[in-house]
Protein chains: 2
Amino acid sequence: MLFLQQIYEFMEYFQELKATKIFDSASEFDCQAMMFCFKTKFKMFDKNENIITQGNRIEDIILILKGGGIVENIDILGNISIVMQLKKGDVYGVESAYAGDEYYKDSVIATEKTLVLFMNKHRLINPCENRCKRHDSVIKNLMRLVAESNLKLLDKLTHLSKKTTREKLLSYLGLMSERAKSDYFEIPFNITELANYLSVDRSAMSNELSKMKKEGLIDYDKRQFHIFNSKIKY
Amino acid sequence: MLFLQQIYEFMEYFQELKATKIFDSASEFDCQAMMFCFKTKFKMFDKNENIITQGNRIEDIILILKGGGIVENIDILGNISIVMQLKKGDVYGVESAYAGDEYYKDSVIATEKTLVLFMNKHRLINPCENRCKRHDSVIKNLMRLVAESNLKLLDKLTHLSKKTTREKLLSYLGLMSERAKSDYFEIPFNITELANYLSVDRSAMSNELSKMKKEGLIDYDKRQFHIFNSKIKY
DNA sequence: TAAAAAGTGTTGTTTTTACAACAAATATAT
DNA sequence: ATATATTTGTTGTAAAAACAACACTTTTTA
């Protein structure tokens, strides 16, 4: 059973838990059982705090319950790149855990005050002795999340595969427009973050955006974009 | 039950099926039951034949039983890029199926004579009425595959995030060396394919490789590489 | 609300890339 | 075995990107 402290935490955070894609179909009773089963720990992080540190041994899979963070990778030469963003309901570590990795290959850093659920990797992956169907449903939900993450990575790859900054921008903005089903849309990055995401120099990208605006291909203000698709295709 | 034709096929290909990560733990009886459950079809493709065509409606998830292929994406401007390679035991379509996509976003093309198993998307994803545990084991295996695919995409993203061709090459070759646990290793691409994979101009990359060889950073012949790690770090 | 911090746009210079064209080497098919 | 197709290395040129420096704007915070 849960310790008293854990029960208090659980009661406090159950609503957040219930709102995630992983635990959405679970009852309070099931959830509580899984908390025990997965050896969960709740933990609150301040902005800029490390939730996971690159290189540390993988013990847990994390689930963001409140707030958000970035997944950051530092390569051998010290270059920092943002691999992805994590929002409420997102998980990190599932792939590495399933693939049998030993160490985290990225750091996860809170970009605001963030509540995180830690779930023991082994407990989550290996079906419990009694083969509970709650566990199965969590795995099915995890599968959907990993699949979606996969598709996000494929999207990013599509953009990064383009050779020029302009093509990268158009690939990204085109997709955003398609997703929004509109020529008007809002992007989830500011300009600096977008440059990081697309792995291009910020000032060069800013310059390219200006040119495209002058040429009438796009219009934008802050995160609001308007793409003139008719002018772009051919 | 299976039609006679299907039984013949099944008997002929059971060994290949058994050798995959998806069906490894299943008995012949279980496999046969799943063949029925997933409405499977076996199909043989010649080199350069389309196994899956970009834009077609997603009906099946595929599993490569013999041979191999490439996943190829053509963007709106007609640029072709190799998204990944598929080898014996690899699957394609799982992520899109789980994420609820309607159409294939890539084409899959056989690079040699290739045997493919088609499995009905709906049957595979939705647990069967009797909640058979074979089905669960297949899903668990699929999960591992998707997780691994995810990590492959992350690797590629790491390389593509580098700004110069040299950095991309070193990122890729460095990883290959790490994986091989040796300064000597073989890469799964020829030079032209590697340029495609890294999304750089082939001739420019060839040129860069030559320079790096002259500078004594690497040595190579065909697909055999030798990386002088000591000269590279710092 | 003032001060500090973070983000943005612009410009010029240097470095790197894409592109095109071609010869040489290698692999493939008949 | 030979012809044919594909792959590879090299070079020069034009285009594009990175980089650095700076002024200006917006956001954050104390």
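Here the structure is a predicted model, which is why all the values come from computation and not from measurement. (Residues numbered from 1 in each chain as written. Chains lettered and ligands numbered in written order. Predicted model: local features only at pLDDT ≥ 70, side-chain atom pairs only at ≥ 80, totals over all residues. Heavy atoms only, no water.)

Topic: the overall build of chain A
Right, on to step 1. Secondary structure summary: chain A contains 9 helices and 11 strands in total.
Right, on to step 2. With the C-alpha coordinates aligned to their principal axes, the bounding extent of chain A is approximately 65 × 40 × 30 Å.
Right, on to step 3. Classification of the 234 residues of chain A by burial places 49% in the buried group.
Right, on to step 4. The contacts of chain A with a sequence gap of at least 6 include a subset with a gap of at least 24, amounting to 68%.
Right, on to step 5. Entry remark: accessible area of chain A is about 11800 Å², with carbon and sulfur atoms responsible for 51%.
Right, on to step 6. Averaged over its 35 positive side-chain charges, chain A has a centre that lies 3 Å from the centre of its 32 negative ones. (Helix = DSSP H or I, 4+ residues; strand = E, 2+ residues; numbered from the N terminus. Buried < 20%, exposed > 50% of the residue type's maximum accessible area, 1.4 Å probe, protein only. Contact = heavy atoms within 4.5 Å. Areas by Shrake-Rupley, 256 points an atom, 1.4 Å probe, with all protein chains shown as cover. Lys, Arg positive; Asp, Glu negative; His and termini not counted. Charge placed at Lys NZ, Arg CZ, Asp CG, Glu CD.)

What to know about the pairing of strand E4 (residues 68-74) of chain B
Residues and elements named next belong to chain B.
Right, on to step 1. Of all 7 residues that make up E4, 6 are buried, and the element is covered over most of its length.
Right, on to step 2. Sheet topology places E4 next to strand E7 (residues 107-110); 4 bridges connect them, and they run antiparallel. Among the inter-strand pairings, isoleucine 70 is bridged to a residue of E7, identified as isoleucine 109. (Pairing = 2+ DSSP bridges.)

A word on unusual backbone geometry
Excluding glycine, a negative phi dihedral is what most residues carry, and trans is how most peptide bonds are arranged.
All names here are of chain B.
Right, on to step 1. With a phi angle near 55°, serine 199 is a residue other than glycine that sits in the positive phi range.
Right, on to step 2. Considering the arrangement of structural elements, one finds serine 199 in the loop between helix H7 (191-197) and helix H8 (202-214).
Right, on to step 3. Even without glycine at this site, lysine 222 takes up a positive phi of about 55°.
Right, on to step 4. Inspection of the secondary structure puts lysine 222 in the loop between strand E10 (218-221) and strand E11 (224-227).

Brief notes about the protein's contact with DNA strand D
Right, on to step 1. Taken together, 19 residues form the shell around DNA strand D, and within it A:Thr164, A:Thr165, B:Thr192, B:Ser203 and B:Ser210 come nearest.
Right, on to step 2. Within 4 Å of the protein, atoms of DNA strand D come from sugar and phosphate in 63% of cases.
Right, on to step 3. Between a base oxygen of DNA strand D and a side-chain N or O atom of B:Arg202, the distance comes to 3.1 Å.
Right, on to step 4. Taken together, the residues of the surface near DNA strand D break down into 4 nonpolar, 10 polar and 5 charged. (Near = heavy atom within 4 Å. Polar contact = N/O pair within 3.5 Å; in protein donor to acceptor, adjacent residues only side chain to side chain. Nonpolar A, V, L, I, M, F, W, Y, C, P; charged D, E, K, R; others polar.)

Side note on the sheet that holds strand E9 (residues 184-186) of chain A
Residue and element names in this part refer to chain A.
Right, on to step 1. In spatial order, the strands read E9-E11-E10; together these 3 strands make up an open sheet with antiparallel pairing. Each of the sheet's edge strands pairs with one partner strand only, and the pair in question is E9 and strand E10 (218-221). Averaged over all neighbouring strand pairs, the angle between strand axes comes to 20°, with direction disregarded.
Right, on to step 2. Looking at chain direction, E10 and strand E11 (residues 224-227) are connected through 4 bridges and run antiparallel. Its bridge partner being in E11, aspartate 221 is matched across the sheet by glutamine 224.
Right, on to step 3. Set on the sheet, helix H6 (residues 165-180) makes contact with E9, E10 and E11; between it and E9 the angle comes to about 105°. (Axes fitted to C-alpha atoms, helices over the stretch in contact; angles between N-to-C directions.)

What about the packing of helix H6 (residues 165-180) of chain B against H8(B)?
All names here are of chain B.
Right, on to step 1. Close contact between H6 and H8 brings their axes to 10 Å; oriented N to C, the two are set at 70°. Comparing the axis directions of H6 and H8 gives the class roughly perpendicular. Taken together, the residues of H8 that come into contact with H6 (itself represented by Thr165, Arg166, Leu169 and Leu170) are Met205, Glu208, Leu209, Lys211 and Met212.
Right, on to step 2. For the contact of H6 with H8, the class distribution of residues is 5 nonpolar, 1 polar and 3 charged. (Parallel < 35°, antiparallel > 145°, perpendicular 65-115°, else oblique.)

Here's the deal with H6(A)
Residue and element names in this part refer to chain A.
Right, on to step 1. Between its first and last C-alpha atoms H6 spans 22 Å; for 16 residues at 1.5 Å apiece the expected length is 22 Å, and the two agree.
Right, on to step 2. Residues Lys168, Leu169, Ser171, Tyr172, Leu173, Leu175, Met176 and Ser177 constitute the buried set of H6.
Right, on to step 3. After H6 finishes, the residue lysine 181 shows a positive phi value of roughly 50°. (Expected span 1.5 Å × (residues − 1).)

Describing the interface of chain A and chain B
Right, on to step 1. At the junction of the two partners, chain A supplies 42 residues and chain B supplies 42 residues.
Right, on to step 2. Roughly 3600 Å² of surface becomes buried between chain A and chain B when both sides are summed, with 69% attributable to carbon and sulfur atoms.
Right, on to step 3. When residues of chain A are sorted by the area they lose upon contact with chain B, A:Tyr98, A:Met143 and A:Leu157 head the list and together hold 17% of the total.
Right, on to step 4. Seen at the junction of chain A and chain B, the total is 2 salt bridges.
Right, on to step 5. In this structure, B:Asp155 engages A:Lys105 in a salt bridge whose closest nitrogen and oxygen atoms are separated by 3.9 Å.
Right, on to step 6. Where chain A meets chain B, there are 8 residue pairs in polar contact (both at pLDDT 80 or more).
Right, on to step 7. Put simply, the parts of the chain that give the side of chain A that touches chain B at least two residues each are helix H3 (94-99) and helix H5 (133-160) of chain A.
Right, on to step 8. A per-element tally of the side of chain A that touches chain B places H5(A) first, with 19 residues.
Right, on to step 9. Grouping the constituent residues of the side of chain A that touches chain B by class yields 19 nonpolar, 6 polar and 17 charged. (Buried area = accessible area lost by both parts, 1.4 Å probe. Salt bridge = Lys/Arg side-chain N within 4 Å of Asp/Glu carboxyl O.)

What to know about the nonpolar core
Right, on to step 1. Core analysis: the biggest nonpolar cluster contains 64 residues, and A:Leu17, A:Phe23, A:Leu63, A:Leu117, B:Phe23 and B:Leu117 have the highest contact counts within it.
Right, on to step 2. Formed by 40 residues, the second largest nonpolar core is a distinct cluster that contains A:Val83, A:Ala110, A:Leu157 and B:Ile58. (Core = buried A, V, L, I, M, F, W, Y, C linked by side-chain atoms within 4.5 Å.)

Re the packing of aromatic side chains
All names here are of chain A.
Right, on to step 1. On inspection of all chains with the given rule, the structure shows 14 aromatic pairs over all chains.
Right, on to step 2. Each ring, one from tyrosine 92 and one from tyrosine 104, has its centre 6.5 Å from the other, and the planes form 35°; the classification is tilted. Residue tyrosine 92 is located in strand E6 (residues 91-92), and its partner tyrosine 104 is located in the loop between H3 and strand E7 (107-110); the two are separated by 12 residues in the primary sequence. Tyrosine 104 shares its class with tyrosine 92; the two are buried. (Phe/Tyr/Trp six-rings, centres within 6.5 Å; stacked < 30°, edge-to-face > 60°.)

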